[in-house]
Amino acid sequence: MAGALKGIRQGDPGGEEEVQEEMDASHRYSNLPDFTQPSPPSTPASLPSNHHHRCGPSDATKGLFVALLGGGLSAGFVGPFSRMAYQTSHLPSLELLIFRCLFHLPIALLLKFRGDPLLGPPDVRVRAFLHAMLNVLSIGCAYSAVQVVPAGNAVTVRKGSSTVCSALLALCLESQGLSGYAWCGLFGSTLGLIIIVGPGLGTLQEGTTGLYTALGYVLAFLGGLALSLGLQVYRSLHFPSCLPTVAFLFGLVGLTVSVPGLFMLQTPVVPRDPLSWSCVVAVGLLALVSFVCVSYAVTKAHPALVCAVLHSEVVVALMLQYYVLYETVAPSDIMGAGVVLGSIAIITAQNLSCEKEGQMEE
């Protein structure tokens, strides 16, 4: 190469040809890989690189956490506060339902601001009203039950019946099965509820008191059945602003039903002490939060799993029953609450493990 350059400087015409041949040869060999340098690790085309891998909770996991934190914990205060309002001012259950429905009516301002119809689209309006009626029936039965039986037991029966009925309805109507871990969690949560309420059912008193207690448990069961039916109806609603629409309809239908029923079946009472008003306001706000969270969660996860996670309401109600209402909590209540919490942990862990397996398969 140096000789060829020297030939070019000296004016040798053959030097130019030699330089051109050497440059062509070097260009050809420069395209070959350099085996003296270590090659970078290759990534298969079928596997995504770690740089683009995104980990996050699935929709089902998000729904269960919303149901646990927003639905179960907040609803756990509703039963004891309702019982406190009844004990201090003898507030009727229908009047308490009226106060709760009043907190749902301001949602109409949100619907008007967004330009959506208050009663929903015409093609789904009947199902939306049916959902509201079932929820009003469920809440009315629950409020009536907590006035004659301990708050923790009433909540236990209502949640247990809603879980079992939701699993059966989803299996029959939607053919939506559950995994083995999910069935194990449902069985454990139901067993925990039976442990809590079983001794109380076995020691019902004879006479009028026992009859009223048995009626309270029946009302709690019917409230759970109505709740499970309402969740199934809500899952069939698909239109914009579905959640605020059904929340407003709950308040509207609740007022339409409760106001005449209050004057025909019960005696209206005006709360006079600050404790009663505080309980009424707390019930309205916490129940609204629980309603919104549960309605969101049931669109993301299986309704039976959502109801099972809502059993955390039972644990909160039992704690308030003991520390706030100073009502007796039996050892069976504590044992059953532990079984319920363990079942919720199984359901949550199973959803997280399924989510991780799905990410690895991707």
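The rules behind these values
Residues numbered from 1 in each chain as written. Predicted model: local features only at pLDDT ≥ 70, side-chain atom pairs only at ≥ 80, totals over all residues. Heavy atoms only, no water. UniProt positions renumbered as here; feature names shortened; annotations may be inferred. pLDDT = per-residue confidence, 0-100. Contact = heavy atoms within 4.5 Å. 1 Å grid on protein atoms, 1.4 Å probe; cavity = no way out; pocket = protein on both sides within 12 Å on 5 of 7 lines; lining within 4 Å. Points joined across faces, edges and corners; volume = space filled by probe spheres on them. Helix = DSSP H or I, 4+ residues; strand = E, 2+ residues; numbered from the N terminus. Expected span 1.5 Å × (residues − 1). Bend = angle between axes of the 7 residues up to and from the residue. Buried < 20%, exposed > 50% of the residue type's maximum accessible area, 1.4 Å probe, protein only. Salt bridge = Lys/Arg side-chain N within 4 Å of Asp/Glu carboxyl O.

Going by what an unreviewed UniProt entry lists, the protein is known as Solute carrier family 35 member G6 and is assigned to Mesocricetus auratus. According to the UniProt record, the Sequence similarities (unreviewed entry) comment for the protein is "Belongs to the SLC35G solute transporter family."

Colleague: Report on the confidence of the model for the protein, specifying residues and quantitative values.
Modeller: On average, residues of the protein carry a pLDDT of 77, and 75% of them reach 70 or more. For the stretch residues 35-39, pLDDT sits under 50, and the model shows 0 contacts to residues farther than four places along the chain or on other chains. Between residues 41-54, whose pLDDT stays under 50, and residues either more than four places distant or in other chains, the model counts 3 contacts.

Colleague: Go over the layout of surface pockets, please, and point to the residues and values.
Modeller: In this structure, the second largest pocket spans a volume of roughly 210 Å³. Together, Ser93, Leu94, Val136, Leu137, Gly140, Cys141, Ser144, Leu219, Val257, Gly261, Leu265 and Gln266 line the second largest pocket. Looking at the lining of the second largest pocket, the elements that each hand over two or more residues are helix 5 (93-102), helix 7 (125-145) and helix 11 (242-265). In terms of residue count, the dominant contributor to the lining of the second largest pocket is helix 7 (5 residues).

Colleague: Tell me about helix 3 (residues 59-75), and name the residues and values.
Modeller: Over its 17 residues, helix 3 extends 22 Å from the first C-alpha to the last, a length consistent with the 24 Å expected when each residue adds 1.5 Å. At alanine 67, helix 3 is bent by approximately 30°, the largest bend along its length. Regarding helix 3, the residues found buried are Thr61, Gly63, Leu64, Ala67, Gly70, Gly71, Gly72, Ser74 and Ala75.

Colleague: Account for the side chain of serine 161, naming residues and giving values.
Modeller: Looking at the element boundaries, serine 161 is found in helix 8 (residues 151-173). Each residue touching serine 161, except ones within four places of it in the same chain, is listed here: Ala220, Phe221, Gly224 and Leu225.

Colleague: Would you mind going over the environment of alanine 220 in detail, with residue names and values included?
Modeller: Relative to the elements of secondary structure, alanine 220 occurs in helix 10 (residues 208-235). Separated by 62 residues in the primary sequence, alanine 220 and arginine 158 place their C-alpha atoms 4.8 Å from one another.

Colleague: Describe the UniProt feature "transmembrane region" (unreviewed entry) in the protein, listing the residues and the values that go with them.
Modeller: In this structure's numbering, the residues bearing the UniProt feature "transmembrane region" (unreviewed entry) are residues 63-81, 93-111, 132-149, 180-202, 214-234, 246-263, 275-297 and 304-322. Secondary structure content for residues 93-111 is 79% helix and 0% strand, while the C-alpha to C-alpha distance between its ends is 29 Å. Helix makes up 100% of residues 214-234 and strand 0%, whereas the separation of the span's terminal C-alpha atoms amounts to 30 Å.

Colleague: Summarise the pattern of salt bridges; cite the residues concerned and give the values.
Modeller: Taken as a whole, this structure holds 1 salt bridge when the rule is applied. Arginine 114 is paired through a salt bridge with aspartate 116; the nearest N and O atoms lie 3.8 Å apart.

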